[in-house]
Amino acid sequence: MFLDKAKIKILSGKGGNGIVAWRREKYVDKGGPAGGNGGKGGDVYIVADEDISTLMDFQFQSVFKAENGENGYIKTQHGKCGKDLYIRVPLGTVIKDCSNGKIIADLNTAGQKILAAQGGRGGRGNACFATPQKRAPQYCEPGESGIERTLELELKLIADIGLLGLPNAGKSTFISVVSSAKPKIADYPFTTLTPNLGVVKKDTGGGFVIADIPGLIEGASEGTGLGHEFLRHVERCRFLIHIVDLTLDNPIKNYKTINEELKKHSEALSKVYQVVALNKTDAVNEELKQKYYNEFKKLAEDVFLISAATGENIKEFMYFVSKKVDEIPKPVIKVDTEADDAAKDNDDSSYSVYKVDKHTFIVEGGKIFRLANVTDGRNTEQLYRFQNILKSMGVFDALKAAGVKEGDLVKIGHLEFDYLY
């Protein structure tokens, strides 16, 4: 199954919390703080892999999550960092951020990778807060949250040659003859519903890739037929082979129709070099073959008479094609990408204040919730620090704006306290 578009959700790992701990060791008096730091959360990377040719795997898995960092330990032991996650995609994958529509990467080289979501930092344990003036800090830091994003993946096949032509022009037969590809072949239109890739081996060694694009029809650039879904797959080809069915009523008109659709889709695509292959010569007489050959020579520089079904002139034609592959360099397709600040922006300091009843208010927010999680309501020093952080973040001002009164109950995570002016 061929899949060339997918939407995925990624989530980098959360940083582990620091802890409050104390050194307790025989014969060591006043051992001091010994709370370790939390480990960093795992990053999420997207990597181009030349062994993958479709986005089909993302149909079965669309959510990807990196490993969280471990919390800190006693004896100043740091938590383990979360493992990074590598998501592998085919060469030619364009990545778009669904939240703002920005194209953040075009992965067209094997091994090329981007950081899609950075893991959260680990929180510091109380050992990190010790100073000569404050030798026994009673607090620690929570780990940062991970970054959650929704990305759209769009595949643009990277092939050396693209096959063009009307439905049932003989493209599938041609690619099955010259390569090891085994596409569906039948005597009715639209037998090819998805692009097929075929590898052609050269006599001198090496080879090149041909992409069989589903048949185009008039109006394809506006969405008619199947071709509009796959026109982007010929944008990265060195050149095109335009296969024309000589058994149809007006081959020249059909040839011009396809080229017009290319132009409507992309001006640059319409200027890509084409070799014209006049196919099904076994089904027309010599006079008609010569007539069409002479007429097409007025429209295109290189024209060949072939029969994919019988193999007529296929060897000579492929020798010419192989030479062209060596002569014509791969096009440099520049996709305008934008700086991906969202991959490292895990600032979740925003919060919300809700009034649930006449005398009860709830404060919610990622950073505030994590701070509350590492605050012991029985420890006065930790509560003072938590209160100072809330004040610096403007939480008390937000509560006033929401109508809080003295004596009202305020809930933040597992902490509950009465509001006092």
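Parameters at a glance
- Residues numbered from 1 in each chain as written.
- Predicted model: local features only at pLDDT ≥ 70, side-chain atom pairs only at ≥ 80, totals over all residues.
- Heavy atoms only, no water.
- Helix = DSSP H or I, 4+ residues; strand = E, 2+ residues; numbered from the N terminus.
- Buried < 20%, exposed > 50% of the residue type's maximum accessible area, 1.4 Å probe, protein only.
- Contact = heavy atoms within 4.5 Å.
- Areas by Shrake-Rupley, 256 points an atom, 1.4 Å probe, with all protein chains shown as cover.
- Pairing = 2+ DSSP bridges.
- Axes fitted to C-alpha atoms, helices over the stretch in contact; angles between N-to-C directions.
- Left-handed = near helix turned anticlockwise from the far one by under 90°.
- Nonpolar A, V, L, I, M, F, W, Y, C, P; charged D, E, K, R; others polar.
- 1 Å grid on protein atoms, 1.4 Å probe; cavity = no way out; pocket = protein on both sides within 12 Å on 5 of 7 lines; lining within 4 Å.
- Points joined across faces, edges and corners; volume = space filled by probe spheres on them.
- Parallel < 35°, antiparallel > 145°, perpendicular 65-115°, else oblique.
- Polar contact = N/O pair within 3.5 Å; in protein donor to acceptor, adjacent residues only side chain to side chain.
- pLDDT = per-residue confidence, 0-100.
- Salt bridge = Lys/Arg side-chain N within 4 Å of Asp/Glu carboxyl O.

Chemist: Break down the overall build of the protein for me, citing the residues and quoting the values.
Modeler: What the protein contains, in helices and strands, is eight helices and 18 strands. Counting across all 421 residues of the protein, residues that qualify as buried make up 46%. Relative to all contacts within the protein whose residues are 6 or more apart in sequence, the contacts with residues 24 or more apart total 71%. By element, 48% of the accessible surface of the protein is carried by carbon and sulfur atoms, the whole surface being about 21,800 Å².

Chemist: Provide a residue-level description of the sheet that holds strand β15 (residues 352–357), including the pertinent values.
Modeler: Hydrogen bonds along the backbone pair up the strands of a sheet, which may run parallel or antiparallel. Within the open sheet, the four strands sit side by side as β15-β16-β17-β18. Their pairing is mixed. Each of the sheet's edge strands pairs with one partner strand only, and the pair in question is β15 and β18 (415–418). On average, each strand axis in the sheet is inclined to that of its neighbour by 25°, with strand direction left out of account. Of the pairings in the sheet, the one linking strand β17 (residues 409–412) to β18 comprises four bridges and is antiparallel in character. When the bridges of β18 are listed, Ile412 appears paired with Leu415.

Chemist: Pulling in residues and values, what's your account of the sheet that holds strand β8 (residues 148–155)?
Modeler: Spatially, β3-β1-β8-β5-β6 is the arrangement adopted by the five strands of the open sheet, whose pairing is mixed. Single-partner strands in this sheet number two, and they are β3 (63–65) and β6 (103–107). Sheet twist, expressed as the mean angle between neighbouring strand axes with direction ignored, is 25°.

Chemist: Can you explain the packing of helix α2 (residues 251–265) against helix α4 (residues 286–297)? Please cite residues and give values.
Modeler: Running from amino to carboxyl end, α2 crosses α4 at an angle of 35°, the nearest separation of the two axes being 11 Å. Crossing of α2 against α4: the hand is right-handed. Contacts from Pro251, Ile252 and Tyr255 of α2 reach α4 at Tyr292, Glu295 and Phe296. Looking at the contact of α2 with α4, its residues break down into five nonpolar, no polar and one charged.

Chemist: An account of the layout of surface pockets is needed here, citing residue identities and associated values.
Modeler: Approximately 410 Å³ is the volume attributed to the largest pocket. For the largest pocket, the lining is made up of 15 residues, of which Gln387, Phe396, Phe417, Asp418 and Leu420 are closest to its centre. Every element with two or more residues in the lining of the largest pocket is listed here: α7 (380–392), α8 (395–401) and β18. The element contributing the most residues to the lining of the largest pocket is α7, with five residues. Across the lining of the largest pocket, the residue classes break down as 10 nonpolar, one polar and four charged.

Chemist: Tell me about empty space enclosed by the protein, and name the residues and values.
Modeler: In total, this model carries two cavities of 30 Å³ or more according to the counting rule given. Volume-wise, the largest cavity comes out at about 60 Å³. Residue lining of the largest cavity: Tyr139, Cys140, Leu371, Val374, Thr375, Gln382, Arg385, Phe386 and Ile389, and that is the complete set. The leading source of residues in the lining of the largest cavity is α7, at four residues. Taken together, the residues of the lining of the largest cavity sort by class into six nonpolar, two polar and one charged.

Chemist: If you had to explain the packing of helix α6 (residues 366–373) against α7 to someone new, which residues and values would you point to?
Modeler: For the pair α6 and α7, interaxial distance at closest approach is 11 Å and the crossing angle is 170°. As far as their axial angle goes, α7 and α6 are roughly antiparallel. When α6 is examined against α7, the residues Ile368, Leu371 and Ala372 are found in contact with a partner set consisting of Phe386, Ile389 and Leu390. Partitioning the contact of α6 with α7 into residue classes produces six nonpolar, no polar and no charged.

Chemist: So what about the side chain of Asp348? Which residues, and what values?
Modeler: Tracing the backbone through its elements, the reader meets Asp348 in the loop between α5 (314–327) and β15. Polar contacts involving the side chain of Asp348 include one to the side chain of Arg370, which spans 2.6 Å. Contacts of Asp348, omitting those with residues within four sequence positions, involve Ser145, Gly366, Lys367 and Arg370.

Chemist: Can you tell me about the confidence of the model for the protein, naming the residues and giving the values?
Modeler: The predicted model of the protein has a mean per-residue pLDDT of 85, with 89% of residues at 70 or higher. Here strand β10 (residues 196–201) stands out as the element of the protein with the lowest mean pLDDT, 74, in contrast to β3, whose mean of 97 is the highest. Every residue in residues 183–193 is under pLDDT 50, and counting partners more than four places away or in other chains gives 27 contacts. Note on residues 217–227: pLDDT is under 50 here. Beyond four places in sequence and across chains, it has 26 contacts.

Chemist: Could you give me a rundown of the pattern of salt bridges, with the residues and numbers involved?
Modeler: According to the stated counting rule, one finds 16 salt bridges in the structure shown. Residues Lys134 and Glu381 are paired through a salt bridge, measuring 2.9 Å at the closest nitrogen-oxygen approach. Of this pair, Lys134 sits in the loop between β7 (113–117) and β8 while Glu381 sits in helix α7, placing them 247 residues apart in sequence. Among the residues examined, Lys134 registers a relative accessible area of 32% and is labelled partly exposed. Look at the salt bridges and you will find they share partners, linking Glu286, Lys289 and Glu312 into a network.

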